[in-house]
Amino acid sequence: AVFWCRANGWIAWAMAEALLWLPEDYPGYNKVLIIFKTHMANLAKCQDKTGLWHQVLDYQESYLETSGSAMFVLAMARGVNHGWLDKKFVDTAIRGWEGISERITPDGIVSGICRGTPIGNTIDFYNKRETFDNDPRGLGAVIQAGIEVHKLLEKQIYSINK
């Protein structure tokens, strides 16, 4: 009933991980690749002007969430890095990383990570979830997103103005 950011993030990350390890001649590889490309294209449409994504993807009144945003950046950057996604996703991934970077203090504190969340049935349920600094549900995603963006930047003639 609700397009929750981090749930979509886990799926984006899982598909990017599966594509990394599945042999291209595996019978289901192309099916996973098509689903991945479709998912990434639809997620790109939901990106906020800040570069982040909302806690409820299609409800702009919901807050901007860090962990799901990091998972999308990871998946998109990895997708470009491995040739699964068109280079037009470079800008989306970089804007996402810039938005995430705004949530990392100079001493490494990451803010805006939604607390642990069971499945809910309403927008209000997700929108009222608290966020915590350095919540472990998002730190790994932020680190992995940073690694994939670094690889992306190494391959591109592109720089972040920070």
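Rules of the game
Residues numbered from 1 in each chain as written. Predicted model: local features only at pLDDT ≥ 70, side-chain atom pairs only at ≥ 80, totals over all residues. Heavy atoms only, no water. Helix = DSSP H or I, 4+ residues; strand = E, 2+ residues; numbered from the N terminus. Rg over C-alpha atoms; globule rule 2.2 N^0.38 Å. Buried < 20%, exposed > 50% of the residue type's maximum accessible area, 1.4 Å probe, protein only. Contact = heavy atoms within 4.5 Å. Axes fitted to C-alpha atoms, helices over the stretch in contact; angles between N-to-C directions. Parallel < 35°, antiparallel > 145°, perpendicular 65-115°, else oblique. Left-handed = near helix turned anticlockwise from the far one by under 90°. Nonpolar A, V, L, I, M, F, W, Y, C, P; charged D, E, K, R; others polar. Phe/Tyr/Trp six-rings, centres within 6.5 Å; stacked < 30°, edge-to-face > 60°. Disulfide = S-S within 2.5 Å.

Enquirer: Help me understand the overall build of the chain in this model?
Expert: Assigned secondary structure in the chain consists of six helices and four strands. Helices and strands in the chain line up, N terminus first, as α-α-β-β-α-α-β-α-β-α. Its C-alpha atoms give the chain a radius of gyration of 15 Å, within 12% of the compact-globule value 15 Å for 162 residues. Each principal axis of the C-alpha atoms in the chain carries an extent, and together these give about 45 × 40 × 25 Å. Taking all 162 residues of the chain together, the buried fraction comes to 46%. For the chain, the proportion of contacts with a sequence separation of at least 24, taken over those separated by at least 6, is 67%.

Enquirer: Is there a simple way to explain the packing of helix 1 (residues 5–21) against helix 2 (residues 29–46) in this structure?
Expert: Between two packed helices, the angle of one axis relative to the other and the distance separating the axes together describe the packing. Taken N-terminus to C-terminus, the directions of helix 1 and helix 2 make an angle of 140°; their axes are 10 Å apart at the nearest point. When the axis of helix 1 is compared with that of helix 2, the two are oblique. Crossing hand, helix 1 versus helix 2: left-handed. Packed against helix 1, whose contacting residues are N8, I11, A12, M15, A16 and L19, the element helix 2 presents Y29, V32, L33, I35, F36, H39, M40 and L43 at the interface. Taken together, the residues of the contact of helix 1 with helix 2 sort by class into twelve nonpolar, two polar and no charged.

Enquirer: What should I look at first to understand the packing of aromatic side chains in this one?
Expert: Two measures describe an aromatic ring pair: the distance that separates the ring centres and the angle between the ring planes. This model, assessed by the stated rule, comprises five aromatic pairs. Judged by centre distance (5.9 Å) and plane angle (90°), the rings of F36 and W84 are edge-to-face. Taken together, the positions of F36 in helix 2 and W84 in the loop between helix 3 (66–81) and helix 4 (89–101) put the pair 48 residues apart, joining distant regions of the chain. On the accessibility criterion, W84 (8% relative accessible area) is buried. Ring centres of W53 and F72 lie 5.1 Å apart, and the angle between their planes is 80°; this geometry places the pair in the edge-to-face category.

Enquirer: Hey, could you run me through the packing of helix 1 against helix 3 in this one?
Expert: Packing of helix 1 against helix 3 brings their axes to within 8 Å, and their N-to-C directions diverge by 25°. As far as their axial angle goes, helix 3 and helix 1 are roughly parallel. In this structure, helix 1 crosses over helix 3, and the sense of that crossing is left-handed. Counting all contacts with helix 1, which are made through C5, R6, N8, G9, W10, A12, W13, A16, E17 and L20, the residues of helix 3 involved are S67, G68, S69, M71, F72, L74, A75 and R78. Here the residues of the contact of helix 1 with helix 3 are counted per class, giving ten nonpolar, five polar and three charged.

Enquirer: Would you mind going over the state of the cysteines with me for this structure?
Expert: When the sulfur atoms of two cysteines share a covalent bond, that bond is a disulfide. What the rule picks out here adds up to zero disulfides. There is no disulfide at C5, and the cysteine sulfur nearest it, in C114, is 9.0 Å away. For the unlinked cysteine C46, the closest cysteine sulfur is that of C5, found at 9.3 Å.

This is a description of form; function is not addressed.
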